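# An overview of the molecular structure
As a plain string of letters, each chain reads:
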Amino acid sequence: MWGGIYSTLARSVVCVHLEPFIASVIDSIAMRRRVFLAGLAGLSAVGTVAILGKDRRLASSPVSVSTRRSFAIANQTSLRLRAATKGILYGAAIQSQTLSSDPKFARRVVEECSILVPEWELKWKALRPSPNRFNFSPGDKLAAFAKTHKLLMRGHTLVWHHAMPAWLPIVLNRQNAEQLLVDHVQTVVKHYAGKIHSWDVVNEAINPKDGRADGLRQSLWLEMLGPDYIDLAFHAAAKADPQALLVYNDYSVDYDTTEGETRRTAILKLLEKMKAKGTPIQALGIQAHLYRDDPRLNPKKLQNFLKNVADLGLKVMITELDVTDRTFPKDIKTRDRIVAAAYEDYLDVVLAEPAVIALLTWGLSDRYTWLSTDAARTDGSSARPLPLDAQMNRKLAWNAIARSLDRATQRPMVT
Ligand code: XIL
């Protein structure tokens, strides 16, 4: 058992959070970028794993969904049209290279989506091969695809503690940080001005586990610029493209766990502060990487959170929805039913809040999902976290999303 966990952790060190316990280990490693703390980081990782060994999440028994539960749908209308009828956008994260290498996939994207978001192309690491060079070409390909097929496009993401180019921590200091950040935001946002529906301006800035009273993550940007780096980025983005919706994007607010509660509270406080200061923010992005086999979905708490966000005058976008099936049974029928149930139960709750204007899955087909590496199953079978299977056929997860969209309340029509 420990071998498995250690190898999972080893694989995860270069990636982002998946589950809170993995996240805490990754964070503790990533945070200690000073060489003299490297040893401590290792120790802390071992400690965290040992404690979490007792956590039932690691040893939980397989869940099941009643055989009587139906995922039937009345017709095969696409998710795009089903969502549009309700004034909601449906879309997915896409990598530009898959659009050119896989025409069948590209066709399915156009059929199902009204909005896309680059999974990788607009992150610092992809855009900034060196301090003086911007590589816009993969992002431009996505923008061209979106234009040709009349899809909207999101921007992801301008400020993140992760996916930094190797040169950045070396070059960055307290003297040049503000200029580097503002230059980056303005250059990138201007480049795509008029083409972007909404920008994830700041991603994952909250991490209460880092111990700060304001819940902010101890990131390089925070270290260099203090908490105002967030407002700085939003102001720069607003200046560069006054039309795009500006979004603060974050994870693990979905479930009724201590971690979820702490994160919801800290995120709400951050949003309140930003609104009070007049920071130009228009929406909260909720990643919604669903992971629990016993999800502890608490509709009331989640809806209260969404209502509190909406009461600040903010819209909500579900930006990265997927359901990891890492711990679910191998049998595909059983597994697909559990994944579908997780989608439908979650979406029924969040789509009941009219401030939720968009829903994007983090990928469209199981052929291309970050979870096949970042949450690989230990039995060797492929991950099935998305609406379409690897052959581009609609799965029960697709039905589940369709069913929730059909039940969603009507928003003002998308123009
Ligand atoms: C992930 C991508 O899916 C991977 O392909 C990439 O290697 C790392 O990033 N939260 C986010 C996304 O905001 O940017 C992450 O995407 C998934 C978690």
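To be clear, the structure that these remarks concern was listed above.
Residues numbered from 1 in each chain as written. Predicted model: local features only at pLDDT ≥ 70, side-chain atom pairs only at ≥ 80, totals over all residues. Heavy atoms only, no water.

## Description of the side chain of Asp-325
Structurally, Asp-325 can be placed in the loop between β8 (315-323) and α16 (332-350). A polar side-chain atom of Asp-325 sits 2.7 Å from a polar atom in the side chain of Arg-335. A distance of 2.8 Å separates the side chain of Asp-325 from the backbone nitrogen of Arg-384, its partner in a polar contact. In contact with Asp-325, not counting residues within four places along its chain, are Arg-335, Val-339, Arg-377, Ser-382, Ala-383 and Arg-384. (Helix = DSSP H or I, 4+ residues; strand = E, 2+ residues; numbered from the N terminus. Polar contact = N/O pair within 3.5 Å; in protein donor to acceptor, adjacent residues only side chain to side chain. Contact = heavy atoms within 4.5 Å.)

## Points about the packing of aromatic side chains
Tallied over the full model, the rule gives six aromatic pairs. Ring centres of Phe-134 and Phe-136 lie 5.6 Å apart, and the angle between their planes is 10°; this geometry places the pair in the stacked category. With relative accessibility at 24%, the residue Phe-134 sits in the partly exposed group. For Phe-136, a relative accessible area of 13% gives the class buried. Ring geometry for Phe-136 against Tyr-192: centres 5.8 Å apart, planes inclined by 75°, an arrangement best described as edge-to-face. On the criterion of sequence distance, the pair formed by Phe-136 in the loop between α8 (124-127) and α9 (137-148) and Tyr-192 in the loop between α11 (177-191) and β4 (198-203) is long-range, its members being 56 residues apart. In this structure an aromatic cluster arises from ring pairing among Trp-124, Trp-167 and Trp-221. Across from the ring centre of Phe-134, 4.0 Å away, lies the NZ or CZ of Arg-128, which sits over that ring. Positioned above the aromatic ring of Tyr-251 is the side chain of Arg-263, whose terminal nitrogen or guanidinium carbon lies 4.0 Å from the ring centre. (Phe/Tyr/Trp six-rings, centres within 6.5 Å; stacked < 30°, edge-to-face > 60°. Buried < 20%, exposed > 50% of the residue type's maximum accessible area, 1.4 Å probe, protein only. Lys NZ or Arg CZ within 6 Å of the ring centre and 35° of its normal.)

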